[in-house]
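Letter by letter, the chains look like this.
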Amino acid sequence: MRYLVNLSYDGSKFYGYQVQKNKITVEGEIERVLSKLLNTKVNSVGSSRTDRGVHSLNQYCHFDTDKKLDLKKFTHAMNGLIDKSIYVKKISAVSDDFHARYSVYRKEYIYKINLGDYNPIEKDYVFQYNKNIDKKLLDEFIILISGKHNFRSFTSDKDNSNYERDVNVSYKIQNKILYLKFESSGFLRYMIRNIVGLLLDINDGKKNLSDIPMIFKSCDRCSCGKTASGVGLYLNKIEFM
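Computed from a prediction, not measured in an experiment: that's the story for all the values here. (Residues numbered from 1 in each chain as written. Predicted model: local features only at pLDDT ≥ 70, side-chain atom pairs only at ≥ 80, totals over all residues. Heavy atoms only, no water.)

**Q** Run through the overall build of the protein, naming residues and quoting values.
**A** From N to C terminus, the protein includes five helices and 10 strands. In the protein, 70% of the contacts between residues at least 6 apart in sequence involve partners at least 24 apart. Put simply, the protein shows about 12,400 Å² of open surface, and 48% of that area lies on carbon and sulfur atoms. (Helix = DSSP H or I, 4+ residues; strand = E, 2+ residues; numbered from the N terminus. Contact = heavy atoms within 4.5 Å. Areas by Shrake-Rupley, 256 points an atom, 1.4 Å probe, with all protein chains shown as cover.)

**Q** Tell me about helix α2 (residues 71-81), and name the residues and values.
**A** Looking at α2, one finds that the buried residues are Phe74, Thr75, Met78 and Asn79. The buried residues of α2 occupy an angular sector of 135° when the element is viewed end-on, so they sit on one face. Set apart from the buried face of α2 by more than 90 degrees, the exposed residues are Lys72, Lys73, His76 and Gly80. Against α1 (26-38), β3 (55-64) and β4 (86-94) lie the buried residues of α2. (Buried < 20%, exposed > 50% of the residue type's maximum accessible area, 1.4 Å probe, protein only. Arc of directions from axis to C-beta.)

**Q** I'd like a rundown of the packing of α1 against α2, residues and numbers included.
**A** Two numbers describe how α1 lies on α2: the axes approach to 10 Å, and their chain directions differ by 125°. Comparing the axis directions of α1 and α2 gives the class oblique. Seen from above, α1 lies across α2 with right-handed handedness. When α1 is examined against α2, the residues Ile30, Arg32, Val33, Leu34, Lys36, Leu37 and Leu38 are found in contact with a partner set consisting of Phe74, Ala77, Met78 and Leu81. (Axes fitted to C-alpha atoms, helices over the stretch in contact; angles between N-to-C directions. Parallel < 35°, antiparallel > 145°, perpendicular 65-115°, else oblique. Left-handed = near helix turned anticlockwise from the far one by under 90°.)

**Q** For the nonpolar core, give the residues involved together with the corresponding values.
**A** Nonpolar side chains in soluble globular proteins tend to end up buried together. The biggest cluster of nonpolar side chains holds 47 residues, and the ones touching the most others in it are Ile113 and Phe154. Elements with a contribution of two residues or more to this core: β5 (104-114), α3 (135-145), β8 (164-174), β9 (177-184), α4 (191-203), α5 (212-218) and β10 (233-240). Per-element tally for this core: the top contributor is α4, with eight residues. Excluding its chain neighbours within four sequence positions, the residues that come into contact with Phe154 are Ile145, Arg189, Tyr190, Met191, Asn194, Ile195, Leu198, Ile215, Phe216, Arg221 and Cys224. Counting 21 residues, the second largest nonpolar core, distinct from the first, contains Ile30, Val33, Leu34 and Leu38. (Core = buried A, V, L, I, M, F, W, Y, C linked by side-chain atoms within 4.5 Å.)

**Q** Any details on the side chain of Glu183? Residues and values, ideally.
**A** Relative to the helices and strands, Glu183 resides in strand β9. By relative accessible area, which is 15% here, Glu183 ends up buried. Engagement of the side chain of Glu183 in a polar contact is seen with the side chain of Arg106, the distance being 2.3 Å. In contact with Glu183, other than residues within four places in its own chain, are Arg106, Lys107, Glu108, Asp166, Val167 and Asn168. (Polar contact = N/O pair within 3.5 Å; in protein donor to acceptor, adjacent residues only side chain to side chain.)

**Q** Residues and numbers for the packing of aromatic side chains, please.
**A** Evaluated as defined, the whole model comprises nine aromatic pairs. Their ring planes at 25° and their centres at 6.2 Å tell us that Phe63 and Phe74 sit as a pair that is stacked. Note that Phe63 is positioned in strand β3 and Phe74 in helix α2, a separation of 11 residues in sequence. Take Phe63 and Phe74: they sit in the same class, and that class is buried. The interplanar angle of 65° and the centroid separation of 5.0 Å between the aromatic rings of Phe98 and Phe240 together place this pair among those described as edge-to-face. Placement of the pair is Phe98 in the loop between β4 and β5 and Phe240 in strand β10, with a sequence separation of 142 residues. The exposure class of Phe98 is buried, given its relative accessible area of 12%. Every member of this aromatic cluster is reached through a ring pair, and the members are Tyr3, Phe63 and Phe74. Just above the ring of Tyr234 sits the side chain of Lys112; from NZ or CZ to the centre is 4.3 Å. The lysine or arginine in question, Lys172, covers the ring of Tyr179, its NZ or CZ lying 5.3 Å from the ring centre. (Phe/Tyr/Trp six-rings, centres within 6.5 Å; stacked < 30°, edge-to-face > 60°. Lys NZ or Arg CZ within 6 Å of the ring centre and 35° of its normal.)

Here it is as structure tokens:
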């Protein structure tokens, strides 16, 4: 039988989602606990491989077992054994042809930027930019970034066969925190962090809004600029087919 796990986690406590040798990762913790509870080696498949420091409010993964589980008790047991920076919200039985990665049709990420004074309490959860970003610049930037583009310049992934993505970007500012929302059927590695890095470079005068069309056209990662920190990034929602 195949089961789908919905979980959240504090990414500042892990070396990313994906299993790494001799590193504490979210996937590693999930598989450690599943293997212990089911008394056999269990592999899982995650919906998104978040980077080190990136948080999730709604991540998903699936695993297979020949045992029929009492889902309420099994969820409780997982939360009793797993690292306390991870919380298993729900486990559901799904069909055998469901796939946590390939059945996704929409993902939503949020990137949080502090435009106000430095906040040491939130330094692992909100990027401490501590400068204002003009709303007119934000509006113009979002118009230029949103839509269907070749995002080759915004990723370090050299092995992808298709770099075209259709992305919707929006924002709100509340209590001097800028919330950037990114929605798409999928994202390339570091893509969102590179988009945010470009925004900050433009705001700092290192690049211009007029550079964006040429950055897309160049298909050259070096043209884009810096990669923003992972600490402000959250995997917010995943929707399945």
